[in-house]
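# What the coordinates show
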Amino acid sequence: MAVYDGLPPPLRRWLAGALLPWSAASALRLWRRTLAETGSEAAALDRLAIAEARLVARDAARIWGAGHPMAGGAVQPVAG
């Protein structure tokens, strides 16, 4: 829990609403990598959302079939 408490507030807020049970370490790795590449918190949040949508789409299709509403992989980015 100490690792989670030390996360940047925007990342903690995103994790609180995430569909999947991300580990603090893996979310922080992706966050830092995106910040290093772009310097943008919005881009980091978008990348997390995209990664999560891909994982959910893959799992939904595998578990419930390609016709499941989440199997399409529609991504809703945070930034405009």
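Heads up: these notes are all about the structure in this document. (Residues numbered from 1 in each chain as written. Predicted model: local features only at pLDDT ≥ 70, side-chain atom pairs only at ≥ 80, totals over all residues. Heavy atoms only, no water.)

### Description of the pattern of salt bridges
Keep this limit in mind: Definition used for salt bridges: Asp or Glu carboxyl oxygen within 4 Å of a side-chain nitrogen of Lys or Arg. A run of H or I in DSSP counts as a helix once it spans at least four residues, and a run of E counts as a strand once it spans at least two, with each numbered from the N terminus.
A complete count under the given rule lists three salt bridges for this structure. Its salt-bridge partner being arginine 58, residue aspartate 59 comes within 3.0 Å of it at the nearest N-O pair. Two residues, arginine 62 and aspartate 59, come together in a salt bridge whose shortest N-O distance is 3.3 Å. Taken together, the residues arginine 62 and aspartate 59, both in helix H4 (residues 41–64) and three residues apart, mark about one turn of the helix. Three or more residues joined by partner-sharing salt bridges are found here, namely Arg58, Asp59 and Arg62.

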